[in-house]
Amino acid sequence: MQATVKTYDATTRSGSVYLDNGTELPFGTAAFDAGPLRLLRSGQRVNIVMSGDRITYITLSTFPLPATPE
């Protein structure tokens, strides 16, 4: 699923994204650390993986998402 970074705090490695429908979702340190990123900027397009209503993985839209079991 794609989203746009709203906020990112480099100290806590957490922030929030906007989904394309305007919904804002927070992401925590674990979701950021699961991916290969070092930082994010507001306005960047990202890919996210969700588990229920929680973001579990975030990466740039040009990077592949991890394989998920079917």
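Residues numbered from 1 in each chain as written. Predicted model: local features only at pLDDT ≥ 70, side-chain atom pairs only at ≥ 80, totals over all residues. Heavy atoms only, no water.

Participant: An account of the overall build of the protein is needed here, citing residue identities and associated values.
Facilitator: Tallying secondary structure elements over the protein gives one helix and five strands in all. Along the protein, from the amino end to the carboxyl end, the secondary structure elements read β-β-β-α-β-β. Against the globule reference of 11 Å for 70 residues, the protein gives a C-alpha radius of gyration of 11 Å, in line with a compact fold. Put simply, of all contacts in the protein between residues at least 6 apart along the chain, 34% involve residues at least 24 apart. Accessible area for the protein stands at about 4400 Å²; split by element, carbon and sulfur atoms hold 52% of it. Taken as two groups, the 6 positive and 6 negative side-chain charges of the protein have centres that lie 8 Å from each other. (Helix = DSSP H or I, 4+ residues; strand = E, 2+ residues; numbered from the N terminus. Rg over C-alpha atoms; globule rule 2.2 N^0.38 Å. Contact = heavy atoms within 4.5 Å. Areas by Shrake-Rupley, 256 points an atom, 1.4 Å probe, with all protein chains shown as cover. Lys, Arg positive; Asp, Glu negative; His and termini not counted. Charge placed at Lys NZ, Arg CZ, Asp CG, Glu CD.)

Participant: Break down the nonpolar core for me, citing the residues and quoting the values.
Facilitator: With 16 residues, the main nonpolar core has Val17, Phe27, Leu40, Val46 and Ile58 as its most contacted residues. Of all the elements in the fold, those that place two or more residues in this core are β1 (2-9), β2 (14-19), β3 (24-27), α1 (29-34), β4 (45-51) and β5 (54-60). Setting aside anything within four residues of it in sequence, one finds phenylalanine 27 in contact with Thr7, Tyr8, Arg13, Ser14, Gly15, Ser16, Val17, Phe32, Leu40, Ile55 and Ile58. (Core = buried A, V, L, I, M, F, W, Y, C linked by side-chain atoms within 4.5 Å. Buried < 20%, exposed > 50% of the residue type's maximum accessible area, 1.4 Å probe, protein only.)

Participant: Go over the pattern of salt bridges, please, and point to the residues and values.
Facilitator: The full count for this structure, using the stated rule, is three salt bridges. Between lysine 6 and glutamate 24 there is a salt bridge, and its shortest N-O distance comes to 3.1 Å. Here lysine 6, found in strand β1, pairs with glutamate 24, found in strand β3; they are 18 residues apart in sequence, far enough to count as distant. By relative accessible area, which is 39% here, glutamate 24 ends up partly exposed. Across the salt bridge formed by aspartate 33 and arginine 13, the nearest N and O atoms sit 2.8 Å from each other. Remark: arginine 13 occurs in the loop between β1 and β2 and aspartate 33 occurs in helix α1; sequence separation between them is 20 residues. (Salt bridge = Lys/Arg side-chain N within 4 Å of Asp/Glu carboxyl O.)

Participant: Would you mind going over the sheet that holds β2 in detail, with residue names and values included?
Facilitator: With antiparallel pairing, five strands are arranged side by side in an open sheet as β3-β2-β1-β4-β5. Strands at the two margins of the open sheet, each flanked by one partner only, are β3 and β5. Geometrically, the sheet is characterised by an average inter-axis angle of 40° between neighbouring strands, direction not taken into account. Two elements, β4 and β5, share six bridges in a ladder whose sense is antiparallel. (Pairing = 2+ DSSP bridges. Axes fitted to C-alpha atoms, helices over the stretch in contact; angles between N-to-C directions.)

Participant: Can you lay out the pairing of β3 for me, pointing to particular residues and giving the numbers?
Facilitator: Judged by which residues are buried, β3 turns out to be one-sided: Leu25 and Phe27 face inward and are buried, whereas Glu24 and Pro26, on the alternate face, are not. In terms of strand pairing, β2 meets β3 through four bridges, oriented antiparallel. Residue tyrosine 18 lies in a different strand from β3, and its bridge partner there is glutamate 24.

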